[in-house]
Amino acid sequence: MSASHTADYDVIAVGAGFAGISLSYHLREAGYSVKVFDRADEIGGTWAWNRYPGAATDSESYYYCLTFSKEVLQEWSWTKRYSGWEETQAYLKFVLDKFSLRPMFQLNTEVESASFDDATGLWNVVTGDGQTHTAKYFISAMGMISQPVIPTFSGADTFAGPIFHSSRWPEGLDVAGKRVGIIGAGATTVQMLPEVAKTAAQVTVFQRTPNFVLPAMQKEMTPEWEKEIKDNYDEIIAKARNHMFGMAFEQPPGRNAVDTPPEEVQKIFEEHWNGSFRWVFETFDDLLGSAEANQMASDFITSKIAEKVDDPELADLLTPKGYPLFAKRPPLDHGYYEAYNRDNVRLVDIKDREPITGITETGIQTTENLYEFDIIVFATGFQAYTGALEAMDIRGTEGHTLREKWEDESKSIMGVYASGYPNFFMITGPQAPFANLPTSIEQNVAYITDCINKMESEGYDLFEPSQQAEDEWSEHTAEIHSQTLMAQGDKVNSWMMGANLEKRKPRVLVYFGGAHIYYDKLRESADAGFPELSFSKSSA
């Protein structure tokens, strides 16, 4: 605590999902007082908001989880390979209640602002009810994909029926017998369309850019498979910790597609076409680094689209063109392409054929047609990494907001610190890896806990992130990014570069040096005494 001022809490955090739960557990175990605020009415973070039909994880459920308790790993039983939002939220509630963490959480509470007070050395956190709460440390545990992007179509406020972002799906809304318009064709629509199409009278998808979509191949958990998982959890956790995307996958196979005979490449692709992102990481080592190898993978995926979609013209519209695999994050398919074979599903190309001009009282107007609907869904994605942080009024030592700081470039130190913001941490902030999030969250939480322990055990009141360290990390992240095919994401409005935002220039938001390398760098920083920070004690 501050040498001269007493705070309400040691730590105030925002976000009641995986990050908030992991953080609250570890900091409480270390002896700190913690308060976690969230504006949602229930625990879950992303999984308290994204309740649209078909919402599910894209990581396999048995490693899309927290690993700090071996007891929970053995007690909890997943029902499917990929858990839906209900099951994921139920799991988080189970963890929360098992460890009696709920008293640390205050839901239905929006944090309107957080500002660092130079005079007291504390963070002043103002909630929607007008109350001010103080803490020595302020931590963002908000999701990296949580701030929705709402398109600004003229006339949207005149539409007579429900119109909303997919992450704000109204409770109890029934699409049965309804005409549904979905704007956007990214990961949300890939999950949503097959479910909505089952009962809706008509579903129309308005697509700007088609995606490379990999197969999910959902399956039920069996007693035999569950036993195999639980008997080998130590190995599974180690695999995720040491994988470049934090997944519990095998290490790279040690072969390159460009050095392999074409018929063997096709054979290996086909043998591994059994679900999840494993197909990318367990076939060849060069799919994300070599344009030639990436094209081989892209051609294989597009051949699968042609096999699944009956109408050749429609298959062509759904085929990605002009950008490499992983320039946009590929979703997983739960029957997406097959849905377009239904009589009640249609696709509208709004990039080249008929752009949307506005929304009317009865539907969506394009340059060519008026499409009438009962329900309109904006499946238009999120402002990744920085969105939730910028939406909140967070001010550091000079009174600038994070949005002002990141107007041109979203710099950080390892996605955890921001220069000019003392005693402030971010969990998976900008320029952290894009990886299996629970893995990254747990590594971030361990690192943050170590930093706070150092502060408290050595009697420090303040840490200040170094501008030089921030510049160096950002330059390092940008250099790696430029060497990957993901650098072409700005051409196709990829959220991984913030290129899906109308009024912001694209930027480097993701560390692509490998999540396992990033985790090593966190450990190196902690072992070296956090050289990115300067520590000080109050003169009072």
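One can find the structure itself at the top, above this paragraph.
Worth saying up front: this structure is predicted, and the values here are computed from it rather than measured.

**Looking at the pairing of strand 13 (residues 356-359)**
Pairing analysis gives three bridges linking strand 13 to strand 14 (residues 363-366), with the strands arranged antiparallel. When the sheet's bridge partners are listed, I356 is paired in strand 14 with T366.

**Some points on unusual backbone geometry**
Residues other than glycine seldom take positive phi values, yet S276 does so here, at roughly 80 degrees. By the secondary structure assignment, S276 is in the loop between helix 8 (262-271) and helix 9 (278-281). Taking the relative accessible area as the measure of exposure, S276 reaches 1% and is therefore buried.

**A closer look at the sheet that holds strand 13**
As summarised here, the arrangement of the three strands in space is 13-14-15, forming an open sheet in which the pairing is antiparallel. Unpaired on one side and paired on the other, strand 13 and strand 15 (370-372) mark the two borders of the sheet. Along the sheet, successive strands turn relative to each other by an average axial angle of 20 degrees, direction set aside.

**What about the packing of helix 8 against helix 10 (residues 291-308)?**
The interhelical angle for the contact between helix 8 and helix 10, taken along N-to-C directions, is 55 degrees, at an axis separation of 11 Å. With respect to their mutual orientation, helix 8 and helix 10 come out oblique. Of the two possible hands of crossing, helix 8 and helix 10 adopt the one that is right-handed. Here helix 8 contributes V265, Q266, F269 and E270 to the contact with helix 10, which in turn contributes M296, A297, F300 and K304.

**Overview of the sheet that holds strand 8 (residues 179-183)**
Pairing in this open sheet of five strands is parallel, and the strands run 7-16-8-9-12 from one edge to the other. The outermost strands of the open sheet, each flanked by one partner alone, are strand 7 (163-165) and strand 12 (345-349). Neighbour to neighbour, the strand axes of the sheet diverge by 20 degrees on average, direction disregarded. The pairing of strand 9 (residues 202-207) with strand 12 spans five bridges and is parallel. Residue pairing for strand 12: V203 is matched across the bridge by V345. Contacts between helix 5 (residues 187-199) and the sheet are confined to strand 8, strand 9, strand 12 and strand 16 (375-378), with strand 9 contributing the most and set at about 165 degrees to the helix.

**Let's talk about the packing of helix 15 (residues 437-457) against helix 17 (residues 515-527)**
It is at 10 Å that the axes of helix 15 and helix 17 come closest, and there the two elements cross at 5 degrees. It follows that helix 15 is roughly parallel to helix 17 by the angle criterion. Facing T439, S440, Q443, N444, A446, Y447 and D450 of helix 15, the residues of helix 17 in contact are Y518, Y519, L522, R523, S525 and A526.

**Remarks on helix 8**
Looking only at helix 8, the buried set comprises V265, I268 and F269. End-on, the buried residues of helix 8 take up no more than an arc of 100 degrees, which puts them together on one face. Of the surrounding elements, those touching the buried residues of helix 8 are helix 9 and helix 10.

**Some words on the nonpolar core**
In terms of nonpolar packing, the biggest core is built from 139 residues, with Y91, I139, W279, Y417 and F425 touching the most fellow members. At seven residues, helix 15 tops the list of elements feeding residues into this core. Ignoring any residue separated from it by four or fewer positions in sequence, one finds Y417 in contact with S412, F424, F425, M426, Y447, C451, F463, P465, E470, F530 and L533. Counting residues in each nonpolar core, the second largest holds 22 residues, with F116, W123, L389 and M392 among its members.

**Focus on the pattern of salt bridges**
Pairing between side chains of opposite charge can happen when the charged atoms of each approach one another. Tallied over the entire structure, the rule returns 33 salt bridges. The partner of E71 in a salt bridge is K98, and the shortest N-O contact between them spans 3.1 Å. Placement of the pair is E71 in helix 3 (residues 70-75) and K98 in helix 4 (residues 85-98), with a sequence separation of 27 residues. Owing to a relative accessible area of 45%, E71 belongs among the partly exposed residues under this scheme. For K321, the salt bridge is made with D316, and the minimal N-O distance between the two is 3.4 Å. Judged by relative accessible area, D316 falls into the partly exposed class, the value being 42%.

**Brief notes about helix 5**
At L193, helix 5 shows its largest kink, close to 35 degrees, and the proline P194 lies no more than four residues downstream. Turning to helix 5, its buried residues are T188, T189, V190, Q191, M192, L193, P194, V196 and A197. Its buried side turned inward, helix 5 meets strand 8, strand 9, strand 11 (332-333), helix 12 (336-339), strand 12 and strand 16.

**Things to note about the environment of P331**
As for its placement among the helices and strands, P331 is situated in the loop between helix 11 (312-317) and strand 11. Considered as a pair, P331 and L214 are 117 residues apart in the sequence and their alpha carbons are 6.3 Å apart. Residues within four places of P331 in sequence aside, it is in contact with D58, G186, A187, V190, N211, F212, V213 and L214.

**Comments concerning a negative patch on the surface**
The grouping of E404, E407, D408, E409, E472 and E475 at the surface amounts to a negative patch. Its location among the elements puts E472 in helix 16 (residues 467-482).

**Some points on the pairing of strand 8**
Moving residue by residue along a regular strand, the side chains alternate between the two faces of the sheet. Counting buried positions over the five residues of strand 8 gives four, a clear majority of the element. Two strands pair when backbone bridges link them, and strand 8 and strand 9 are joined in this way by five bridges, in the parallel orientation. In the sheet register, I183 faces strand 9, and the bridge partner there is F206. After leaving strand 8, the chain enters helix 5 and then returns to the sheet as strand 9, a path that is right-handed. Where strand 8 and strand 16 come together, four bridges link them in parallel fashion. Within strand 16, the position partnered with I183 by the bridge is F378.

**Details of the environment of V72**
Mapped onto the secondary structure, V72 falls in helix 3. For V72, a relative accessible area of 3% corresponds to the buried category. Remark: the alpha-carbon pair of V72 and K98, spanning 26 residues in sequence, is separated by 8.6 Å.

Rules of the game
- Residues numbered from 1 in each chain as written.
- Predicted model: local features only at pLDDT ≥ 70, side-chain atom pairs only at ≥ 80, totals over all residues.
- Heavy atoms only, no water.
- Pairing = 2+ DSSP bridges.
- Helix = DSSP H or I, 4+ residues; strand = E, 2+ residues; numbered from the N terminus.
- Buried < 20%, exposed > 50% of the residue type's maximum accessible area, 1.4 Å probe, protein only.
- Axes fitted to C-alpha atoms, helices over the stretch in contact; angles between N-to-C directions.
- Parallel < 35°, antiparallel > 145°, perpendicular 65-115°, else oblique.
- Left-handed = near helix turned anticlockwise from the far one by under 90°.
- Contact = heavy atoms within 4.5 Å.
- Arc of directions from axis to C-beta.
- Core = buried A, V, L, I, M, F, W, Y, C linked by side-chain atoms within 4.5 Å.
- Salt bridge = Lys/Arg side-chain N within 4 Å of Asp/Glu carboxyl O.
- Bend = angle between axes of the 7 residues up to and from the residue.
- Patch = residues over 30% accessible without salt bridge, like charges linked within 9 Å, V, L, I, M, F, W, Y side chains within 5 Å.
- Areas by Shrake-Rupley, 256 points an atom, 1.4 Å probe, with all protein chains shown as cover.
- Lys, Arg positive; Asp, Glu negative; His and termini not counted.
- Charge placed at Lys NZ, Arg CZ, Asp CG, Glu CD.
- Right-handed = clockwise from strand over helix to strand, strands pointing away.

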